[in-house]
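Letter by letter, the chains look like this.
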Amino acid sequence: MAIISDDEGLEKRVKRNPIVKSETIEYDNLFESNIRPKDFDSYIGQSALKETLKITLEAAKRREKPLDHMLFYGPPGLGKTTIAGVIAAQMGVEIRITSAPSLERPRDIIGILMSLKGGEILFIDEIHRLNKVAEEILYPAMEDFTLDMTTGKSQTAKTLRVPLPKFTLIGATTKAGELSSPLRDRFGMIHRLEFYTVEELTKVVMRTAKILEVDITEKGAEAIARRSRGTPRIANRLVKRVSDFAIVKYDGTIDEKVANESLDILKIDEFGLDNTDRALLSLIIDKYDGGPVGIETIAAALSEDVRTIEDVCEPYLLQAGLLQRTPRGRKVSPEGFRHLGRKMPSTQTSLFD
Ligand code: ADE
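Residues numbered from 1 in each chain as written. Predicted model: local features only at pLDDT ≥ 70, side-chain atom pairs only at ≥ 80, totals over all residues. Heavy atoms only, no water.

Colleague: How would you summarise the packing of helix 8 (residues 198-211) against helix 10 (residues 232-249) if you had to cite specific residues and measurements?
Modeller: At a closest axis distance of 9 Å, the pairing of helix 8 and helix 10 adopts a crossing angle of 45°. Accordingly, the angle class assigned to the pair helix 8 and helix 10 is oblique. Handedness of the helix 8/helix 10 crossing: right-handed. Side by side, helix 8 and helix 10 meet where Leu201, Val204, Val205, Thr208 and Ala209 of the first sit next to Pro232, Ala235, Asn236 and Val239 of the second. (Axes fitted to C-alpha atoms, helices over the stretch in contact; angles between N-to-C directions. Helix = DSSP H or I, 4+ residues; strand = E, 2+ residues; numbered from the N terminus. Parallel < 35°, antiparallel > 145°, perpendicular 65-115°, else oblique. Left-handed = near helix turned anticlockwise from the far one by under 90°. Contact = heavy atoms within 4.5 Å.)

Here it is as structure tokens:
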């Protein structure tokens with residue numbers, strides 16, 4: 001079973017083909033599919049989730065019942081799609097991967113539901129972006145495995161109940177808080193994926209380097225891990241970039257020096273921040289005295305959209321303690337000032353900000 005990637009191209013690709021069968025997807029990046037772990041042993045990190053899932057999967061197999069619907073949430077790149085693929089492989093079932101923005105019309109979601117086979121997994125990425133109509137179609141589908149279809153108009157309208165095969169919905173979101181409660185309540189398991197530790201990411205880097213046949217030392221892997229913002233997708237991307245440097249500018253092996261020098265050239269600092277992250281912090285410091293300032297203002301000034309800032313930049317800056325969220329907007333923390341080598345203005349210490 002092959003799993004398609006949850007990279008930035010997914011939304012566009014599923015728009016072209018909303019029912020994405022794993023075998024029929026065109027891989028735009030073969031590397032990506034090769035380095036994705038396919039079982040629990042090769043999936044590094046998220047140990048609490050893995051332990052729970054192993055029990056849940058075993059119980060479902062013994063009962064010969066489909067798995068409960070599951071919701072995975074957390075910042076992008078932590079392995080929500082990957083873990084869904086591991087679950088499908090462990091259960092020996094197909095996974096259909098789609099994304100909420102491609103389920104605009106009722107017939108999009110109805111088409112997918114009607115084409116599912118018993119036991120299959122339907123994966124909906126960015127599930128917080130489902131529209132109301134699609135959500136309402138999903139409620140009876142999730143709860144009773146039926147589709148309630150209305151035919152005719154007003155007084156003559158009839159509701160037709162169409163049985164569906166017993167499937168498992170796996171939803172993924174970066175914003176669990178934006179899910180409506182009726183939808184959230186229909187998931188039997190809700191789990192937050194955590195940022196990875198440097199130790200875990202070092203293992204991810206070593207594993208990826210081995211698959212890609214890249215020469216690397218443990219210290220080189222750790223140096224990449226330290227600058228990967230707790231995110232395996234970033235770590236894997238950096239392995240490829242640093243490996244290019246190792247081949248062209250050094251002797252081909254990634255050691256600590258090669259990793260650090262290459263990452264410096266790529267402008268990824270010791271915290272893993274890139275130019276956009278630093279521009280965001282500098283903007284708040286230089287133009288708004290460290291904040292607080294609203295997210296829309298920040299996005300407009302950086303010519304980025306609010307969603308990219310909220311979903312991609314902010315989670316790690318918040319987790320790393322460089323940025324703070326306050327009722328009046330975003331503020332750079334004392335640590336954030338220190339990281340950029342700036343002095344805090346004295347007015348920043350107000351208790352009420
Ligand atoms: N590549 C991406 N995520 C991974 C993970 N959790 N474990 C191993 N390799 C990965």
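Colleague: I'd love a proper account of the pairing of strand 2 (residues 70-73), names of residues and values included.
Modeller: In terms of strand pairing, strand 2 meets strand 7 (residues 168-173) through 4 bridges, oriented parallel. By the bridge assignment, Met70 is partnered in strand 7 with Ile170. Bridge analysis of strand 2 against strand 8 (residues 189-192) gives 4 bridges, and the strand direction is parallel. Counted as the bridge partner of Phe72 is His191 from strand 8. (Pairing = 2+ DSSP bridges.)

Colleague: Give a detailed account of the side chain of Gln46, specifying residues and quantitative values.
Modeller: When you line up the elements, Gln46 lands in the loop between helix 2 (30-35) and helix 3 (47-63). Side-chain polar atoms of Gln46 contact the backbone oxygen of Glu194, separated by 2.7 Å. Apart from residues no more than four positions distant in its own chain, Gln46 is found in contact with Leu78, Leu193, Glu194, Tyr196 and Glu200. (Polar contact = N/O pair within 3.5 Å; in protein donor to acceptor, adjacent residues only side chain to side chain.)

Colleague: Talk me through the pattern of salt bridges; I want residue IDs and the actual numbers.
Modeller: If you walk through the whole model with that rule in mind, you get 23 salt bridges. One salt bridge connects Arg161 with Asp148, and the closest N-O pair in it is separated by 2.9 Å. Remark: Asp148 occurs in strand 5 (residues 146-151) and Arg161 occurs in strand 6 (residues 158-163); sequence separation between them is 13 residues. By relative accessible area, Asp148 is classed as partly exposed at 34%. Several salt bridges share partner residues, and in doing so they unite Lys175, Glu310, Asp311, Glu314, Arg325 and Arg330 into one network. (Salt bridge = Lys/Arg side-chain N within 4 Å of Asp/Glu carboxyl O. Buried < 20%, exposed > 50% of the residue type's maximum accessible area, 1.4 Å probe, protein only.)

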